[in-house]
Amino acid sequence: AQSVTQPDIHITVSEGASLELRCNYSYGATPYLFWYVQSPGQGLQLLLKYFSGDTLVQGIKGFEAEFKRSQSSFNLRKPSVHWSDAAEYFCAVAASGTYKYIFGTGTRLKVLA
Amino acid sequence: DAGVTQSPTHLIKTRGQQVTLRCSPKSGHDTVSWYQQALGQGPQFIFQYYEEEERQRGNFPDRFSGHQFPNYSSELNVNALLLGDSALYLCASSDGTATGELFFGEGSRLTVL
């Protein structure tokens, strides 16, 4: 069965510092992978997605993620965090041929001024 | 261009009651998915509607049912409410392809007392 693990429930970084949010997935074949962000009282917004090809994916708001098949990981990174990045981040996986996304439990990011 | 709209935004029900939540998809989208997001958890897939039919279903009991109308809008119905049904219910629309991006609404927060 497919699953997604986000090991960090909370992460706190200082504004301007770099950020890496971890995501590990379980799936036999190459999955479709996503990162979404959810601000308080808001729906989810897609940051970036990976289907195939280049394993380094660029997204919106300066985020990027790298797909590593050998580690079953799809970690999200940002070189310099802004206070407005404070939100909850969800990693999700979808199997090829399915329409169901499986989400991790999320990582809540706090940004210190 | 209106995004995904959901109504109502908040509602309170008592155990045993029934609730109907509504969703209008983003313009140009013909597919609607529903997710349940319990407090502190990631969204969980309930089902997806395409061409007025339930195309895929997650692990939710039959108390959860849905409908899609010819204009692609959708309803989620939950019967015999339980305390555990308290959650944020998210609607997401897409273009119906397996790789189509999900666009989420801001959700309907249901509290069951």
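The shown structure was predicted, so the numbers you read here are calculated from the model rather than taken from an experiment.

Engineer: Is there a simple way to think about the overall build of chain A in this case?
Structural biologist: Counting its secondary structure elements, chain A contains 0 helices and 12 strands. Reading chain A from its N terminus to its C terminus gives the helix and strand order β-β-β-β-β-β-β-β-β-β-β-β. In terms of overall size, chain A behaves like a compact globule, its C-alpha atoms giving a radius of gyration of 13 Å where 113 residues would be expected to give roughly 13 Å. Overall size of chain A, expressed as C-alpha extent along the three principal axes, is 45 × 30 × 20 Å.

Engineer: Would you mind going over the sheet that holds strand 7 (residues 64-68) of chain B with me for this structure?
Structural biologist: Hydrogen bonds along the backbone pair up the strands of a sheet, which may run parallel or antiparallel. Residue and element names in this part refer to chain B. Taken together, 4 strands build an open sheet; the order of strands is 1-3-8-7 and the sheet is antiparallel. Edge positions in the open sheet fall to strand 1 (5-7) and strand 7, since each of these has one partner strand only. Taken pair by pair, the neighbouring strands of this sheet meet at an average axis angle of 20 degrees, ignoring direction. Bridge analysis of strand 3 (residues 19-24) against strand 8 (residues 74-78) gives 5 bridges, and the strand direction is antiparallel. Each bridged residue has a counterpart across the sheet, and for Cys23 the counterpart in strand 8 is Ser74.

Engineer: Whenever I open this one, the interface of chain B and chain A confuses me. Can you help?
Structural biologist: Many structure descriptions define interface size as the accessible area lost when the parts assemble. Contacts between chain B and chain A engage 22 residues on the former and 18 residues on the latter. A combined buried area of about 1800 Å² lies between chain B and chain A, and 55% of that area is made up of carbon and sulfur atoms. Scanning the region where chain B abuts chain A turns up 0 salt bridges. If you look at where chain B meets chain A, you find 3 residue pairs in polar contact (both at pLDDT 80 or more). Listed by contribution, the elements that provide at least two residues to the side of chain B that touches chain A are strand 4 (31-37), strand 5 (44-50), strand 6 (53-57) and strand 9 (87-94) of chain B. Grouping the amino acids of the side of chain B that touches chain A by side-chain chemistry returns 8 nonpolar, 11 polar and 3 charged.

Engineer: Looking at this model, I keep getting lost on the packing of aromatic side chains. Mind explaining?
Structural biologist: All chains considered together, the criterion is met by 18 aromatic pairs over all chains. Here Tyr50 of chain A and Phe74 of chain A contribute two aromatic rings whose centre-to-centre distance is 6.4 Å and whose plane-to-plane angle is 45 degrees, an arrangement assigned as tilted. In this pair, Tyr50 of chain A is assigned in strand 6 (residues 44-50) and Phe74 of chain A in strand 9 (residues 73-78), connecting sequence segments 24 residues apart. Just as Tyr50 of chain A is buried, Phe74 of chain A falls in that class too. These aromatic residues form a ring-pair network of at least three members: Tyr32, Phe34, Tyr36, Phe51, Phe90, Tyr101 and Phe103 of chain A together with Tyr35, Phe45 and Phe104 of chain B.

Engineer: Whenever I open this one, the pattern of salt bridges confuses me. Can you help?
Structural biologist: In a structure, side chains of opposite charge can pair up when their charged atoms sit close to one another. A full pass over the atoms with the stated rule returns 8 salt bridges over all chains. In this structure, Glu88 of chain A and Arg108 of chain A form a salt bridge, with 2.8 Å as the shortest nitrogen-oxygen distance. Residue Glu88 of chain A is located in strand 10 (residues 87-94), and its partner Arg108 of chain A is located in strand 12 (residues 107-112); the two are separated by 20 residues in the primary sequence. The partly exposed category is assigned to Arg108 of chain A, whose relative accessible area is 41%. Asp85 of chain B is the partner of Arg63 of chain B in a salt bridge, and the nearest nitrogen-oxygen pair spans 2.8 Å. Of this pair, Arg63 of chain B sits in the loop between strand 6 and strand 7 while Asp85 of chain B sits in the loop between strand 8 and strand 9, and the two are 22 residues apart along the sequence.

Calculation rules
Residues numbered from 1 in each chain as written. Chains lettered and ligands numbered in written order. Predicted model: local features only at pLDDT ≥ 70, side-chain atom pairs only at ≥ 80, totals over all residues. Heavy atoms only, no water. Helix = DSSP H or I, 4+ residues; strand = E, 2+ residues; numbered from the N terminus. Rg over C-alpha atoms; globule rule 2.2 N^0.38 Å. Pairing = 2+ DSSP bridges. Axes fitted to C-alpha atoms, helices over the stretch in contact; angles between N-to-C directions. Contact = heavy atoms within 4.5 Å. Buried area = accessible area lost by both parts, 1.4 Å probe. Salt bridge = Lys/Arg side-chain N within 4 Å of Asp/Glu carboxyl O. Polar contact = N/O pair within 3.5 Å; in protein donor to acceptor, adjacent residues only side chain to side chain. Nonpolar A, V, L, I, M, F, W, Y, C, P; charged D, E, K, R; others polar. Phe/Tyr/Trp six-rings, centres within 6.5 Å; stacked < 30°, edge-to-face > 60°. Buried < 20%, exposed > 50% of the residue type's maximum accessible area, 1.4 Å probe, protein only.

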